[in-house]
Amino acid sequence: MCGRYTLTLPGEILAEVFGLDEAPELAPRYNIAPTQDVAAVRRVPAGAPRSLSMLRWGLVPQWQREPRGSTLLINARAESLQDKPAFREAFERRRCLIPADGFYEWKGASRNREPWLIKRDDGRPFAFAGLWEPPVGREPGLVGTCAIVTTDPNELMRPIHDRMPAILAEPDWNAWLDPDNRRLSALRPLLKPAPAEDYVAFPVSPAVNNAGVETPDLILPYTPPPPRQPRLGFDS
DNA sequence: CCAGACGTTGTT
DNA sequence: GTCTGG
DNA sequence: CCAGACGTTGTT
DNA sequence: GTCTGG
């Protein structure tokens, strides 16, 4: 899962939490969607300090001749990172943190689908486990592409959805970010469901469905309108 | 051996 | 239904 | 993730 | 590049 999220906190806070040398200048974003450029923390080259870059959400493996829209890799299953040709090398050598302070999940089936916002109860930002690739071809200004790792739901998420983004505990950030760390068997257990007690979830307006809508009120709690009265003579 | 895919999600 | 675009 | 398009030819 | 399928 995880096809939409938020990053609204000021760059100064992000620099402090994620250990960046400089505070990035980032406008608050309430509806970050696939194909958009997203903030990612990396260590490039190996040995360099942490830095923040904008990467296009939708990983394109290096052997791919040209970006194929039909194969947009926005998520990568934690369970199979080592087996999938599209992700294996990135898992070994190109891991990143993707800062967020909320993410959306849709609950229910087709007609009744409703968006929920999940965030930390203390409001702090957190880090999705991410993978990245250098750009293929020469797209001007493209630094790289990335995907968000997904894992099983925690107890908060289970009623909403059967997957959730892998959120790395802060003590694990260094191990995940170090490009020289090839202990993949030690990295895999970091991709477990985040502790449910640290997070809250509430329904939000279906306006979030449209990736073009990015207003702050998207993250306010939302009371759905009462169901329409069934017409007389029709039981459903 | 070569050819062709290489992914996740949700939905049926 | 399926693909593309944000 | 959801929303919205989904096509070609010839003519202006 | 590397894996799967024939």
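For the structure, see preceding data.
These numbers were taken from a predicted model, which means no experiment stands behind them.

**Some remarks on the overall build of chain A**
Phase 1 of the analysis: Scanning chain A from terminus to terminus reveals 4 helices and 12 strands.
Phase 2 of the analysis: The C-alpha atoms of chain A give a radius of gyration of 19 Å, which matches the 18 Å a tight globule of 236 residues would have.
Phase 3 of the analysis: Counting only C-alpha atoms and orienting by the principal axes, one finds that chain A spans roughly 70 × 40 × 35 Å.
Phase 4 of the analysis: For chain A, the proportion of its 236 residues judged to be buried stands at 46%.
Phase 5 of the analysis: In chain A, the proportion of contacts linking residues at least 24 apart, taken out of those at least 6 apart, comes to 69%.
Phase 6 of the analysis: Counting only carbon and sulfur atoms, one obtains 51% of the accessible surface of chain A, whose full area is about 12,400 Å².
Phase 7 of the analysis: Taking the 29 positively charged and 30 negatively charged side chains of chain A as two groups, their mean positions are separated by 7 Å.

**Some remarks on the environment of alanine 15**
Phase 1 of the analysis: With respect to the helices, strands and loops of the structure, alanine 15 is situated in helix 1 (residues 11-18).
Phase 2 of the analysis: The class of alanine 15 is buried, set by a relative accessible area of 10%.
Phase 3 of the analysis: In the structure, alanine 15 is positioned 92 residues away from lysine 107 in sequence and 33 Å away in space, judged by C-alpha atoms.
Phase 4 of the analysis: Residues in contact with alanine 15, not counting those within four places in the same chain, are Leu20, Glu22, Ala23 and Pro24.

**Examining the packing of aromatic side chains**
Phase 1 of the analysis: By the definition in use, this model includes 9 aromatic pairs.
Phase 2 of the analysis: Where tyrosine 5 meets tryptophan 57, the ring centres are 5.5 Å apart and the plane angle is 65°; that geometry is what we call edge-to-face. Taken together, the positions of tyrosine 5 in strand 1 (residues 4-7) and tryptophan 57 in strand 4 (residues 51-57) put the pair 52 residues apart, joining distant regions of the chain.
Phase 3 of the analysis: The class of tyrosine 5 is buried, set by a relative accessible area of 0%.

**Quick word on the sheet that holds strand 7 (residues 102-107)**
Neighbouring strands of a sheet are bound in pairs by backbone hydrogen bonds; such pairs are parallel or else antiparallel.
Phase 1 of the analysis: The strand order across the open sheet formed by 5 strands is 2-1-7-8-12, and the pairing between neighbours is antiparallel. Edge positions in the sheet fall to strand 2 (29-32) and strand 12 (199-203), since each of these pairs with one other strand and no more. Neighbour to neighbour, the strand axes of the sheet diverge by 25° on average, direction disregarded.
Phase 2 of the analysis: Bridge count between strand 1 and strand 7: 3 bridges; the pairing is antiparallel.

**Thoughts on the side chain of threonine 150**
Phase 1 of the analysis: Within the element layout of this structure, threonine 150 appears in strand 10 (residues 145-151).
Phase 2 of the analysis: For threonine 150, the residues in contact, after removing those within four places along its chain, are Met1, Asn75, Ala76, Arg77, Ala78, Glu79, Arg163, Met164, Pro165 and Ala166.

**Notes on the nonpolar core**
Phase 1 of the analysis: The biggest cluster of nonpolar side chains holds 57 residues, and the ones touching the most others in it are Tyr5, Phe103, Phe128 and Leu131.
Phase 2 of the analysis: Judged by nonpolar contacts, the second largest core, of 8 residues, contains Tyr104, Leu117, Phe202 and Val204.

**Quick look at the protein's contact with DNA strand E**
Phase 1 of the analysis: With respect to spatial proximity, the complete set of residues near DNA strand E consists of Trp63, Pro85 and Arg88.
Phase 2 of the analysis: Each atom of DNA strand E within 4 Å of the protein was classed as base or backbone; sugar and phosphate made up 11%.

**Quick look at the side chain of histidine 161**
Phase 1 of the analysis: Tracing the backbone shows histidine 161 in the loop between strand 10 and strand 11 (164-165).
Phase 2 of the analysis: Side-chain polar atoms of histidine 161 contact the backbone oxygen of tryptophan 106, separated by 3.3 Å.
Phase 3 of the analysis: Beyond its immediate chain neighbours, meaning those up to four positions away, histidine 161 contacts Met1, Glu105, Trp106, Arg113 and Pro153.

What counts, and where the lines are drawn
Residues numbered from 1 in each chain as written. Chains lettered and ligands numbered in written order. Predicted model: local features only at pLDDT ≥ 70, side-chain atom pairs only at ≥ 80, totals over all residues. Heavy atoms only, no water. Helix = DSSP H or I, 4+ residues; strand = E, 2+ residues; numbered from the N terminus. Rg over C-alpha atoms; globule rule 2.2 N^0.38 Å. Buried < 20%, exposed > 50% of the residue type's maximum accessible area, 1.4 Å probe, protein only. Contact = heavy atoms within 4.5 Å. Areas by Shrake-Rupley, 256 points an atom, 1.4 Å probe, with all protein chains shown as cover. Lys, Arg positive; Asp, Glu negative; His and termini not counted. Charge placed at Lys NZ, Arg CZ, Asp CG, Glu CD. Phe/Tyr/Trp six-rings, centres within 6.5 Å; stacked < 30°, edge-to-face > 60°. Pairing = 2+ DSSP bridges. Axes fitted to C-alpha atoms, helices over the stretch in contact; angles between N-to-C directions. Core = buried A, V, L, I, M, F, W, Y, C linked by side-chain atoms within 4.5 Å. Near = heavy atom within 4 Å. Polar contact = N/O pair within 3.5 Å; in protein donor to acceptor, adjacent residues only side chain to side chain.

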